[in-house]
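If you want the building blocks of each chain, they are given just below.
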Amino acid sequence: MAEKTKLDVLADILRKAPDEVFIQPHNVPDPDAIASGFALHYLLAQRGVETKIVYDLEIEKANSLKMLELFNVPMVRAAEAYTLGTEDWAVLVDAQKGNSNITDLPTDEVAVIDHHEYRGNQGYRFEDIRPEAGSCSAIVAEYFFENNIIPPAAVATALLYGIFMDTDNLTRGTDALDLDMFYRLYGLSDISAIVDLRGNEISANDLKFYAEAFKTVEVYDELGFLRLAGVNDSLLGAAGDIVISVSGVNISVAYALRESGVKLSVRSTCREVKASDLVCSMVEGIGVGGGHSHMAGGYIPAENIAKTRIVDTFLKHRAIAFYESRKKAAAGVAQPVSP
Ligand SMILES: [Mn+2]
């Protein structure tokens, strides 16, 4: 007898749900999170498990909104999911329980599919966590091919775009799985929809924020800093991607100052300085942070920042100190002092 696929195992578990089954991506879902949720919703329906996709906070970015419209993704905000309760089960996608970027809803989180650093089993009955994958979309895409299910064009295109975005056009943290799935999805996708999405990556309003933010850019060696004003901090990552494309800059630290605290987004293509290590050192003892070697995020609540300190200087000081120490350590390894 053929061994059960991951999808079969997951569907078997979810059939036992006492009430509804929800799929929950991280808050402020990005294209990878939306595609993963959308594709899993389709796959589970193929196995007779009906689900609803639910998310918290807002979908802010223009391309994420465009995805919902183009592919008709059935996603509702948690606040509007009136039937959601403690009897319901949830599958987390592109996030894990206990992450700072996901709201703990009343549901029982029984399963997780993710590509972030493993945070340990949080009581899941099913987990498929592959930190080496550049996107969650590639992991979910594999479920189609493992089960000989052909994704409809809308699902294939959403997944292709999810891989595209999370790997920065197949150049950031890309794993063989991302490439393999990209190749297999490509022929099933509607490339004109990808072109449409590429043409909707920022709104006219975003452009104003970017214009202000780029005036704040400061470069120190390979580090590029950027401060974003206002509440629209979903632009942080995208602004950081632009800063890192500046010649000579290999690490970008983008941050937004809100009344409630500081939000950080770090990108790195520097071998010696992992984005996740840098962000962890910046928030050490005062906040939370994590991510991948190429991209990471963090948050420092306002009450943990001494009022007497200038936040910009404080952040830059911590980042530069960590950068210098890593560089020094790497140089030490490369050129051992002769006895
Ligand atoms: Mn992702």
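None of the values given here were measured: they were computed from a predicted structure.

Further remarks concern the overall build of the chain. Looking only at helices and strands, one finds 11 helices and 12 strands in the chain. Its C-alpha atoms give the chain a radius of gyration of 21 Å, near enough to 20 Å, the size a compact globule of 339 residues would have. Residues counted as buried form 45% of the 339 residues belonging to the chain. The contacts of the chain with a sequence gap of at least 6 include a subset with a gap of at least 24, amounting to 60%.

On to helix 2 (residues 31-46), then. In this model, helix 2 (16 residues) spans 23 Å end to end at C-alpha, consistent with the 22 Å of a helix rising 1.5 Å per residue. Among the 16 residues that make up helix 2, 13 are buried, leaving the element largely enclosed by the rest of the structure. Immediately downstream of helix 2, the backbone of Gly 48 shows phi near 80 degrees, a positive value.

Turning our eyes to something else, we now look at the sheet that holds strand 5 (residues 108-114). Taken in spatial order, the 6 strands line up as 3-2-1-4-5-6 in an open sheet, and their pairing is parallel. What marks the edges here is a single partner per strand, and that holds for strand 3 (75-77) and strand 6 (126-129). Here the average twist between neighbouring strands, direction ignored, is 30 degrees. The pairing of strand 1 (residues 21-25) with strand 4 (residues 89-93) spans 5 bridges and is classified as parallel. In the strand pairing of strand 4, Phe 22 is matched with Ala 90. Here helix 4 (residues 136-146) sits on the sheet in contact with strand 4, strand 5 and strand 6, set at roughly 95 degrees to strand 5.

We note that the domain assignment places domain 1 (6-198) and domain 2 (205-334) within the chain. Placing the centre of domain 1 and that of domain 2 at their C-alpha centroids yields a distance of 27 Å. With 10 residues of domain 1 at the interface, the matching set in domain 2 holds 13 residues. For the side of domain 1 that touches domain 2, the per-class residue count stands at 2 nonpolar, 3 polar and 5 charged.

Turning to the nonpolar core, a few remarks are in order. Membership of the largest hydrophobic core comes to 60 residues, with the highest contact counts inside it found for Phe 38, Ala 39, Leu 40, Val 93, Val 140, Ala 158 and Leu 159. The element that contributes the greatest number of residues to this core is helix 5 (residues 153-166), accounting for 9 residues. Beyond its immediate chain neighbours, meaning those up to four positions away, Leu 159 contacts Ala 35, Ala 39, Ser 137, Val 140, Ala 141, Pro 151 and Leu 185. With 33 residues, the next largest nonpolar core counts Leu 223, Leu 278, Val 283 and Ile 300 among its residues.

The next point concerns the packing of helix 2 against helix 5. Between helix 2 and helix 5, whose axes approach to 8 Å, the crossing angle comes to 150 degrees. One element, helix 2, and the other, helix 5, form an angle in the roughly antiparallel class. Here helix 2 and helix 5 pass one another in a crossing that is left-handed. Within the contact between the two elements, helix 2 uses Pro 31, Asp 32, Ile 34, Ala 35, Ser 36, Phe 38, Ala 39 and Tyr 42 and helix 5 uses Val 155, Ala 158, Leu 159, Tyr 161, Gly 162, Met 165 and Asp 166. Here the residues of the contact of helix 2 with helix 5 sort into 11 nonpolar, 2 polar and 2 charged.

Cut-offs applied
Residues numbered from 1 in each chain as written. Predicted model: local features only at pLDDT ≥ 70, side-chain atom pairs only at ≥ 80, totals over all residues. Helix = DSSP H or I, 4+ residues; strand = E, 2+ residues; numbered from the N terminus. Rg over C-alpha atoms; globule rule 2.2 N^0.38 Å. Buried ≥ 20, exposed ≤ 12 C-beta atoms within 10 Å, placed from the backbone. Contact = placed C-beta atoms within 7 Å. Expected span 1.5 Å × (residues − 1). Pairing = 2+ DSSP bridges. Axes fitted to C-alpha atoms, helices over the stretch in contact; angles between N-to-C directions. Domains from an automatic or database assignment. Nonpolar A, V, L, I, M, F, W, Y, C, P; charged D, E, K, R; others polar. Core = buried A, V, L, I, M, F, W, Y, C linked by C-beta atoms within 7 Å. Parallel < 35°, antiparallel > 145°, perpendicular 65-115°, else oblique. Left-handed = near helix turned anticlockwise from the far one by under 90°.

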